[in-house]
Amino acid sequence: MTHLLLLVLDLIGTFVFALSGAVTGVRRKLDLFGVLVLSFAAGNAGGITRDLLIGATPPAAIADWRYLGVSVLAGMITFYRYSIIQRWRNPVQMSDAAGLALFAVAGAQKALAHGLNPVMAALLGMLTGVGGGILRDVLVTQIPTVLRADLYAVAALAGATVVVLGDQFHVPLVITTLTGAALCFGLRFMAIRHGWHLPVSRHSGMEDPPV
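What you see is a predicted model, and the numbers here were worked out from it, not measured in a lab. (Residues numbered from 1 in each chain as written. Predicted model: local features only at pLDDT ≥ 70, side-chain atom pairs only at ≥ 80, totals over all residues. Heavy atoms only, no water.)

## Things to note about the side chain of Asp51
Secondary-structure assignment places Asp51 in helix α2 (residues 32-54). Look at Asp51 and you get buried, because its relative accessible area is 0%. Of note is the side chain of Asp51, whose polar atom sits 3.1 Å from the side chain of Lys110. (Helix = DSSP H or I, 4+ residues; strand = E, 2+ residues; numbered from the N terminus. Buried < 20%, exposed > 50% of the residue type's maximum accessible area, 1.4 Å probe, protein only. Polar contact = N/O pair within 3.5 Å; in protein donor to acceptor, adjacent residues only side chain to side chain.)

## Description of the packing of α2 against helix α6 (residues 91-113)
Relative to each other, α2 and α6 sit at 15 degrees, their axes nearing to 11 Å. As judged from the angle between their axes, α2 and α6 are roughly parallel. Between α2 and α6 lies a crossing of right-handed hand. Judged by residue contacts, Gly43, Arg50, Asp51 and Ile54 of α2 engage Phe103, Ala106, Gly107 and Lys110 from α6. Its residues assigned to classes, the contact of α2 with α6 shows three nonpolar, two polar and three charged. (Axes fitted to C-alpha atoms, helices over the stretch in contact; angles between N-to-C directions. Parallel < 35°, antiparallel > 145°, perpendicular 65-115°, else oblique. Left-handed = near helix turned anticlockwise from the far one by under 90°. Contact = heavy atoms within 4.5 Å. Nonpolar A, V, L, I, M, F, W, Y, C, P; charged D, E, K, R; others polar.)

## Re α2
Note that an α-helix has 3.6 residues per turn; residues three or four places apart therefore point the same way. In this model α2 runs 33 Å from its N-terminal to its C-terminal C-alpha over 23 residues, within 8% of the 33 Å that 1.5 Å per residue would give. For α2, the principal kink sits at Asn44 and spans about 45 degrees. Looking one or two places after α2, you find Gly55, whose phi comes out positive at around 80 degrees. (Expected span 1.5 Å × (residues − 1). Bend = angle between axes of the 7 residues up to and from the residue.)

## Details of the packing of helix α1 (residues 2-27) against helix α7 (residues 118-139)
Close contact between α1 and α7 brings their axes to 10 Å; oriented N to C, the two are set at 15 degrees. In terms of orientation, α1 and α7 fall into the roughly parallel class. Pair α1 / α7 crosses with right-handed handedness. Facing Phe17, Ser20, Gly21 and Thr24 of α1, the residues of α7 in contact are Gly129, Gly133 and Arg136. Of the residues that constitute the contact of α1 with α7, the class distribution is one nonpolar, five polar and one charged.

## What to know about the pattern of salt bridges
This model, assessed by the stated rule, comprises six salt bridges. Among the salt bridges present, the one from Asp64 reaches Arg66, with a minimum N-O distance of 2.8 Å. Given the relative accessible area of 15%, Asp64 is considered buried. Its relative accessible area of 34% is what places Arg66 among the partly exposed residues. With its nearest N and O atoms 2.8 Å apart, the salt bridge here joins Asp96 to Arg136. A residue pair is termed long-range when its members are at least 10 positions apart, and Asp96 in helix α6 and Arg136 in helix α7 qualify at 40 residues. The two residues Asp96 and Arg136 agree in class, both being buried. Each of the salt bridges in this network shares a partner with another, and the network as a whole consists of Asp10, Arg50, Asp51 and Lys110. (Salt bridge = Lys/Arg side-chain N within 4 Å of Asp/Glu carboxyl O.)

## Focus: a nonpolar patch on the surface
Among the surface-exposed residues, Phe33, Val37, Ile134, Leu135, Val138 and Leu139 lie close enough to one another that they form a single nonpolar patch of about 510 Å² accessible area. Of all the secondary structure elements, the ones that give two or more residues to the nonpolar patch are α2 and α7. Per-element tally for the nonpolar patch: the top contributor is α7, with four residues. Assignment of secondary structure puts Val138 in helix α7. (Patch = residues over 30% accessible without salt bridge, like charges linked within 9 Å, V, L, I, M, F, W, Y side chains within 5 Å. Areas by Shrake-Rupley, 256 points an atom, 1.4 Å probe, with all protein chains shown as cover.)

As structure tokens, then:
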């Protein structure tokens with residue numbers, strides 16, 4: 001049951017994160033190959049990093065063709081039907097928020113299943129959530145969202161923490177998964193909508209004094 005739930009969360013998370021990568025590629029006017037590369041990178045970088053760190057090798061995204069399949073599917077849909085995707089309100093941020101939520105809880109669950117302690121499992125869940133977005137942004141030469149967005153990594157950590165706490169108190173896995181994903185997505189959505197953010201240095205934007 002746990003293995004099946006992890007697989008489903010991983011594949012759905014891969015698809016929606018891949019959508020965010022593909023949309024970014026289309027907006028940057030990349031060709032089909034470039035869009036598919038961004039789609040795969042955004043959809044799988046976090047999961048690959050997670051699997052390498054916990055010793056689950058080869059990573060699922062490489063060993064299982066379904067990860068490549070859903071990434072290519074997301075890329076092709078976006079490339080050829082971008083007008084449909086564009087009707088969503090801010091498609092990159094919404095698909096990114098959904099992927100963040102799914103990967104955060106799936107990453108924490110997989111870390112726990114491989115025997116990591118609760119603190120590291122929560123941190124690995126957060127890393128799983130933000131990894132794909134970081135690589136996507138780096139490939140298009142922009143500051144990664146995790147370093148500048150309102151409640152991005154914090155939202156992922158909150159969702160992963162719910163999963164870890166649920167495991168510690170023996171709460172049914174489905175309940176903690178849904179609750180953690182909902183909390184992460186809700187925090188990210190509200191941050192996007194209302195501009196919630198962590199404190200920023202009051203010196204931001206100031207020029208360095210002349211030497």
